[in-house]
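Descriptive structure summary
Single-letter residue listing:
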Amino acid sequence: MRRPSIARSRGRIWAHAPGPGCALAASLALAVAACTPPGTGRLPGSGAATPAAPSATSSAPSASGATLAAPSAPSPAPSAPAAPSSPRGAATPAAQSATPWIAARVSLGLEKVAGGFAAPLFVTGDGTGSGRLYVVEQGGRIRVVDRAGSVLPQPFLDISGRIAAGGERGLLGLAFHPSYASNGRFYVDYTDADGNTVIAEMRRSADSPDRADAASERVLLHIGQPYPNHNGGMLAFGTDGYLYVGMGDGGSGGDPRNRAQDLGTLLGKILRIDVDGQAAGLAYAIPPTNPFSGRARARPEIWAYGVRNPWRFSFDAANGDLWVGDVGQDRWEEVDRLVAAAGRGRGANLGWRLMEGRACYDPSTDCTTAGLTMPVAVYGHDAGCAVTGGYVYRGTRSPALDGTYLFSDSCSGRIWGLDAAGPGRQDPVLLLESGRPIVSFGQDDERELYVADIAEGTILRVVATAR
Ligand SMILES: [Ca+2]
């Protein structure tokens, strides 16, 4: 079995660039990307790269569908006690069973949209209603899929010459400015030739909406990375118009310098910056309501802290809730829900390295839990190795999914659901055994959801029907 060996390897410290073999870099979110030789443009072989047996894999949407076996009477055990920190913790098991979401039986499938990509690890619309999908390739290119489903021959952007790719490095994130239609500005997160994080603003070409101007780069943040792993990489604009940035704890294993709890570093944090302003000495502005703005020895960019590697996060399009998939160490993967009406996690401490999921990590017993924000859901490494945070479905094609937060695991390929309006502590409901190394979800302008299969080089649409 491949998966158990990958899971065991995750706790090991590795301080050098990944060598041959995938197990090394399987330590984190880009388990499969480690198998991709950087710069070759070739897809990894499915045999070596696919960590789980593709039992249910199919490009036919319904054929691969698994049935959500939602029990008619939910088990009262571990999800019953609501986490005290949850603003929605008052929901009872009875109330949960009465929601349409948990009562529904959903058949979930994946429908291939486009392929031929080299290590795709993100996909998004541009917010203009153009129908374009932008596919981020780890090696440094962004490809365009047009409304008709054709992959344009010329990439939107190619900055592969500025990037160190491989393992958990590469072009990792992309976010379009909320006013992209008028200002043409978008944002990328990548690791540079030295492996350090760059967050930069770039612009659409003046000549064509299908091309970016690669020379337009304006660096906003440059963040040193002490180790090759845990680079975060997610960028997304909140409904507040600010850019949120996911930063890992700097890497190695076990957060050796306790950076995630150190407000003096940007590592192990979720950041929030104002890309439309510019403060003295900065390429951006600090939103005045950032929680640590003005505090001594704290970085004002920090929005929330205590994360290990928040590889993918998203905002619920219906209410602005922030959902974070934080990759765990050796035992637990977690999803955090930071409710907008309760501050969207402003200043929250999500626990790492004190805790891994809901378990003490360092110290291993009697860790202090006061003031920590607990995950809405966790799963153990018997079910995967690295969480892939997803989205709350708010599209129209699959009404059976409305209000379901979908997420996955890059090793096991399982797709689970959570009730976005449910209690503050839930058990993930298994929706599909995809058998695919799903390293990311993405959302188009109609709020339909996609997944990226980094080994096969494909983008697939999530579809579901009620049964
Ligand atoms: Ca946590």
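Because the structure is predicted, anything quoted here is derived from the model rather than measured.

With that out of the way, let us pick up the overall build of the protein chain. A count of helical and extended segments in the protein chain gives six helices and 27 strands. Residue burial in the protein chain is summarised as follows: out of 467 residues, 54% are buried. Expressed as a percentage of contacts within the protein chain between residues at least 6 apart in sequence, the contacts between residues at least 24 apart total 61%.

Mapping Ser440 onto the fold places it in strand S25 (residues 438-443). Each C-alpha atom of the pair Ser440 and Phe122 lies 5.6 Å from the other, and the pair is 318 residues apart in sequence. Non-local contacts of Ser440, meaning those with residues more than four positions away in its chain, are made with Leu121, Phe122, Arg312, Thr388, Val451 and Ala452.

Looking now at unusual backbone geometry. Residues Trp352 and Arg353 are joined by a peptide bond in cis, for which omega reads 5 degrees. Relative to the assigned elements, Arg353 resides in the loop between strand S17 (332-338) and strand S18 (355-356). Cis rather than trans, the peptide bond between Asp362 and Pro363 has omega equal to 10 degrees. Looking at where Pro363 falls in the secondary structure, it is placed in the loop between strand S19 (359-360) and strand S20 (377-380). Although it is not a glycine, Arg447 sits at a positive phi angle of roughly 70 degrees. Topologically, Arg447 is positioned in the loop between S25 and strand S26 (449-453).

Before going further, it helps to spend a moment on the environment of Ala283. Tracing the sequence through the fold places Ala283 in the loop between strand S13 (269-273) and strand S14 (302-305). Ala283 sits in the partly exposed class, given 16 other C-beta atoms within 10 Å. For the pair Ala283 and Val219, spaced 64 residues apart in sequence, the C-alpha separation works out to 7.4 Å. Aside from chain neighbours lying at most four places away, what touches Ala283 is Arg218, Val219, Leu220 and Gln278.

This brings us to the pairing of strand S7 (residues 171-176). Within S7, six of the six residues are buried, which leaves the element mostly enclosed by the surrounding structure. The pairing of S7 with strand S8 (residues 185-191) spans five bridges and is classified as antiparallel. Its bridge partner lying in S8, Gly173 is registered against Asp189.

Right, let's talk about the sheet that holds strand S9 (residues 197-204) for a bit. The four strands are arranged S7-S8-S9-S10 in an open sheet whose pairing can be described as antiparallel. The two strands at the open ends of the sheet, each matched to only one other strand, are S7 and strand S10 (212-223). Within the sheet, the average angular offset between the axes of one strand and its neighbour, ignoring direction, is 25 degrees. In this structure, S8 lies alongside S9, joined through seven bridges in antiparallel fashion. Within the sheet, the bridge partner assigned to Arg185 lies in S9 and is Arg203.

Taken in spatial order, the four strands of this open sheet run S11-S12-S13-S14, and their pairing is antiparallel. The sheet terminates laterally at strand S11 (235-237) and S14, the two strands that pair on one side only. The average undirected angle you get between the axes of adjacent strands in this sheet is 20 degrees. In this sheet, strand S12 (residues 243-247) lies alongside S11 in antiparallel orientation, the contact comprising three bridges. Considered in S12, the bridge of Leu235 is made with Val245.

Before going further, it helps to spend a moment on the environment of Glu201. As for its placement among the helices and strands, Glu201 is situated in strand S9. Exposure remark for Glu201: the 18 C-beta atoms within 10 Å place this residue in the partly exposed category. Separated by 16 residues in sequence, Glu201 and Arg185 place their C-alpha atoms 6.7 Å apart. Those residues in contact with Glu201 that sit more than four places away from it in its chain are Arg185, Tyr187, Arg218, Leu220 and Val275.

This paragraph deals with the confidence of the model for the protein chain. Residues at a pLDDT of 70 or more form 78% of the protein chain, whose mean pLDDT is 82. Confidence over residues 1-98 falls short of pLDDT 50; this stretch has 222 contacts with residues more than four positions distant or in other chains.

Calculation notes
- Residues numbered from 1 in each chain as written.
- Predicted model: local features only at pLDDT ≥ 70, side-chain atom pairs only at ≥ 80, totals over all residues.
- Helix = DSSP H or I, 4+ residues; strand = E, 2+ residues; numbered from the N terminus.
- Buried ≥ 20, exposed ≤ 12 C-beta atoms within 10 Å, placed from the backbone.
- Contact = placed C-beta atoms within 7 Å.
- Pairing = 2+ DSSP bridges.
- Axes fitted to C-alpha atoms, helices over the stretch in contact; angles between N-to-C directions.
- pLDDT = per-residue confidence, 0-100.

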